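A structural walkthrough
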Amino acid sequence: MVLPRLTPLRGAAGLVVGGVVGSVLLRKPEENDFAGAPLKRKIQRFQSLVDRGQDPQSLRKRSEMVAALKSGEEFDVLIVGAGCTGAGAALDAATRGLKTACVERGDFANETSSRSSKLIWGGFKYLQVAFAELLDRKTLTAPVSSLQKFISEFLMVYECCQERSWLAGQQPHLVEYVPQAVPFKTLVQWPPYFNHPFYSILPILAYPAFVFYDLLAGFNAPPAYVMSARETKKNFPQLEAPLYSAVYCEAMHNDARTGTAIALTAAMKGATIANYVEMTGFVHGGPDGATATGVTCVDKLTGEQFVVKAKAIVLATGPFLDSVRRMEDPGADKAVAAAAGCHIVLPGYFTPGGMGFCELRNSRGATMYFLPWLGNTVVGSTDKKCDATSSPHVTEDEIQYLVNEAASCLSSDIRLRRSDVISAWQGWRPLYRDPNAPPDAPVSRHHAIGHDEHTGVSFICGGKWSTYRAMAEELIDKVVAFKGAPLAHATPCVSKEIKLLGGDGFHDLLHVQLVQAYNVSTEVAKHLCHAYGTAAFHVCELAQPSLSGARLQRTVSRAGVPTDGGGHMGRRISPSYPYIEAEVLYACRHELAVSVKDMLTTRMRLAFLNSEAAKQAIPRVAALMAEELGWSSAEKARQVKVAQEYIGEFGGPVADKRGATLKAATFTDLHDIFLSVDKANAGYLDEKQLGEAAAKLGFPFRSDEHRRIKFKEADRSENGKLSEAEFIEWWNGRNSEKSRLALHKTVMLDAASEVAIDKSNASAK
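All of the points below concern the structure found in this document. Keep in mind that what you see is a predicted model, and the values were worked out from it rather than measured.

**What to know about the pattern of salt bridges**
- Enumeration over the complete set of coordinates arrives at 33 salt bridges.
- Among the ionic pairs, Glu 473 bridges to Arg 469, the shortest N-O distance being 3.0 Å. With a gap of four residues between them, Glu 473 and Arg 469 both fall in helix H12 (residues 468–483), about one helical turn apart.
- The partly exposed category is assigned to Glu 473, whose relative accessible area is 25%.
- For Arg 469, a relative accessible area of 5% gives the class buried.
- A salt bridge links Arg 708 to Glu 705, with the nearest nitrogen and oxygen atoms 2.5 Å apart.

Right, dumping it as structure tokens:
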């Protein structure tokens, strides 16, 4: 082979090409953000946020927001609801040059958006079930409709994956990737996953399926991989004899903090947004007197009523959409088929190493998730069709159900007890149902946007955290098109370019700078960085020494190096969690926080992590807020009472069996009860002791005769002695099977019912 002769011209051309290629391949990855914009220099102190356009101190106070709402001046767009969808729409509209208002009856992201699974997912199960439907026999008889449905599901998953990549890439201070393992015990599973024969070989297909899933996200997430049985057991010693695990990454976040960041960013971009302002009705005008020209509102802090005028009114009230629609039309058909999903929180050792895992089908066919979140483990979920309420309350039956199902996924070497539950809450999926569809029509987990031609009111329902930005963009696009000339001055959407509050200047070693600059502990610094981003510098500016006394006293060596290992800045709200008092001051001054309840639930997530710890923190948080906001003693007492009642609705380690019907318990709980009653270590229970055990389990017998009958039923050996095996078998078997099956049918979440194929009968008005 003859090589071409090297000439000066060819040499120069080679240097140019090589330089260009080298500059691309060797360019520092931090030069541009995920949207392609040049990154600003890494932040050093909070004050440098001022000239970045992200200064929280520039945010208008709540009183100024409310004054603007009731000024009588007309807004271009008024959005009712400030969850992720409503706040996202307010941010989108404000950055298009529209004069935007947004009202929320509670705190930002207070209800649906703060009670999610904490996942920003791309929709892997949606993709699998879409393929399952395509492989169904119905495709042979109705190929066109089956293909259309598959394409619709596929495009939805693609959008979710793309938006997840944007969130994790553009908002890394709020969203991060977390590995999720899917362990398999056999290469062929029967009954099959997703209730489809093809997926009996999912254990073989899982890894290539996850690689394809990564492809849909543009390979922006850490790549999928396989863990051997040894590696799986090393990472998850609590699992029983796994064959291997397929691992992929989903994104996770602190949902309420993300929601608050969206709302505050909207306010900093010019939107007038106020919490604790509730819409109470519509105001009509226009040529025919039917067009909605505004809404009546009440300031829930003062009781003052006023009217907010707007050219366009948008309802983004999630699962509560029907109640708002019926303010206008009491006979309106139901458009929301809400589904309740409850989660329990366990200690962090159930997901060691910061890796979650998913049991796609446990012994009873349910899908169970174990997700690491803020140092603890979130386990879920259930799927119960019912009307939405504002309460986070979970019934004891549902908590016990999740405990029992979780225990069935774990090795007998790990003791899962009812008392391991340190918090539990209920959230809502705002599933959209076409009011004009037949009663047996499927409920969609896609979002829907509509307009009332008579009143001119627009609404959005459904959707998910992953696509909140895309939903907001589509919503404002359609509202602008629907209204025409009055909103013709709106500019194109720019939300993909926006970093949420605290994002500018954020980098992976920000927590180190906080430790070095303010002497906060590493645990507190990491928490502050992922709750506030670069605004964490301002939180630290407000921090007080954790030691007693006005000055921070440290023990140091002759060289001046601290040797005591303690004395950090930042007084903790609860000793076992990284929340500090400075966060309360910061939220009151710069985040429009107004209640103790919100401070411990949405601003700091203590109630979601440990309900008992949150209850103990109420007095101190109330004292801080009372001083900061100038509350009277009566208002402080009212705030404490409201917080105690609301946080008391979260589940916790102490079971309240009043009204419960599910008697089944975990093996560990029954074993512990047996030992506590068998004080003589006889190895058996007599009739009276069975009564004691039943009472401790929360289901006392109605009478002595009832106890006698049940003891005889449980005593299979007929020797008047109830062994531990007989006790456990009877309690979890014949004694509870009927109630267990009834609850399982009502609340079970399996992989198929979690996706858009949900054939709900939610047709009641």
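Alright, that's what it looks like, and here's the rest.
**Here's the deal with the packing of aromatic side chains**
- Counted according to the given criterion, the structure contains 26 aromatic pairs.
- Between Phe 198 and Tyr 199 the ring centres are 5.2 Å apart and the planes differ by 80°, which places this aromatic pair in the edge-to-face class.
- The ring of Trp 166 carries Arg 469 above its face, with NZ or CZ at 5.6 Å from the centroid.
- A cation sits over an aromatic face here: Lys 597 above Tyr 646, 4.5 Å from the ring centre.

**Topic: the packing of helix H17 (residues 596–603) against helix H19 (residues 611–629)**
- Taken N-terminus to C-terminus, the directions of H17 and H19 make an angle of 120°; their axes are 9 Å apart at the nearest point. By the criterion of interaxial angle, the relationship of H17 to H19 is oblique. The way H17 lies across H19 gives a crossing that is right-handed. Note on element contacts: H19 touches H17 through Ala 614, Ala 617, Ile 618, Val 621, Ala 622 and Met 625, opposite Val 596, Met 599 and Leu 600.
- Of the residues that constitute the contact of H17 with H19, the class distribution is nine nonpolar, no polar and no charged.

**So, helix H20 (residues 633–647)**
- When the terminal C-alpha atoms of H20 are compared, their 21 Å separation across 15 residues agrees well with the 21 Å that a helix rising 1.5 Å per residue should span.
- Within H20, burial applies to Gln 639, Val 640, Ala 643, Tyr 646 and Ile 647. Across the axial projection of H20, the buried residues extend over an arc of 140°, all falling on one side. Relative to its buried face, H20 has exposed residues pointing more than 90 degrees away, namely Ser 633, Ala 634 and Lys 641.
- Along its buried surface, H20 packs onto H17, helix H18 (606–609) and H19.

**Digging into the side chain of Thr 666**
- Mapping Thr 666 onto the fold places it in the loop between H20 and helix H21 (667–677).
- Note on Thr 666: relative accessible area 4%, which makes it buried.
- At 3.1 Å, the side chain of Thr 666 and the backbone oxygen of Leu 416 are in polar contact.
- Excluding residues within four positions of it along the chain, Thr 666 makes contact with Gln 400, Val 403, Asn 404, Ala 407, Leu 416 and Arg 417.

**Observations concerning helix H3 (residues 84–94)**
- The buried fraction of H3 is high, at eleven of eleven residues.
- Considering only its buried residues, H3 is in contact with strand E1 (75–80), strand E2 (100–104), helix H9 (255–268), strand E18 (458–461) and H12.

**Remarks on a negative patch on the surface**
- A contiguous patch of negative charge, built from Glu 328, Asp 329, Asp 452 and Glu 453, is present on the exposed surface.
- The topology assignment puts Asp 329 in the loop between helix H10 (321–328) and strand E11 (339–346).

**With respect to the environment of Ala 292**
- Here Ala 292 is to be found in strand E9 (residues 291–299).
- Among the residues examined, Ala 292 registers a relative accessible area of 4% and is labelled buried.
- Considering only alpha carbons, one finds Ala 292 and Thr 455, 163 residues apart in sequence, at a separation of 5.2 Å.
- Not counting residues within four places of it along the chain, the set of residues in contact with Ala 292 comprises Phe 282, Val 283, His 284, Ala 310, Ile 313, Thr 455 and Val 457.

**Quick word on the side chain of Thr 100**
- Take Thr 100: it is sitting in strand E2.
- A distance of 2.9 Å separates the side chain of Thr 100 from the backbone oxygen of Leu 98, its partner in a polar contact.
- If near-sequence neighbours (up to four positions away) are discounted, Thr 100 is found in contact with Phe 75, Val 77, Ile 79, Ala 90, Ala 93, Ala 94, Ala 271 and Thr 272.

**Topic: a nonpolar patch on the surface**
- Residues Leu 135, Leu 187, Val 188, Phe 198, Ile 201, Ile 204 and Leu 243 make up a contiguous nonpolar surface patch of about 590 Å² in total accessible area.
- Position of Leu 243 among the secondary structure elements: in the loop between helix H8 (229–235) and strand E6 (244–253).

What counts, and at which threshold
Residues numbered from 1 in each chain as written. Predicted model: local features only at pLDDT ≥ 70, side-chain atom pairs only at ≥ 80, totals over all residues. Heavy atoms only, no water. Salt bridge = Lys/Arg side-chain N within 4 Å of Asp/Glu carboxyl O. Helix = DSSP H or I, 4+ residues; strand = E, 2+ residues; numbered from the N terminus. Buried < 20%, exposed > 50% of the residue type's maximum accessible area, 1.4 Å probe, protein only. Phe/Tyr/Trp six-rings, centres within 6.5 Å; stacked < 30°, edge-to-face > 60°. Lys NZ or Arg CZ within 6 Å of the ring centre and 35° of its normal. Axes fitted to C-alpha atoms, helices over the stretch in contact; angles between N-to-C directions. Parallel < 35°, antiparallel > 145°, perpendicular 65-115°, else oblique. Left-handed = near helix turned anticlockwise from the far one by under 90°. Contact = heavy atoms within 4.5 Å. Nonpolar A, V, L, I, M, F, W, Y, C, P; charged D, E, K, R; others polar. Expected span 1.5 Å × (residues − 1). Arc of directions from axis to C-beta. Polar contact = N/O pair within 3.5 Å; in protein donor to acceptor, adjacent residues only side chain to side chain. Patch = residues over 30% accessible without salt bridge, like charges linked within 9 Å, V, L, I, M, F, W, Y side chains within 5 Å. Areas by Shrake-Rupley, 256 points an atom, 1.4 Å probe, with all protein chains shown as cover. Lys, Arg positive; Asp, Glu negative; His and termini not counted. Charge placed at Lys NZ, Arg CZ, Asp CG, Glu CD.

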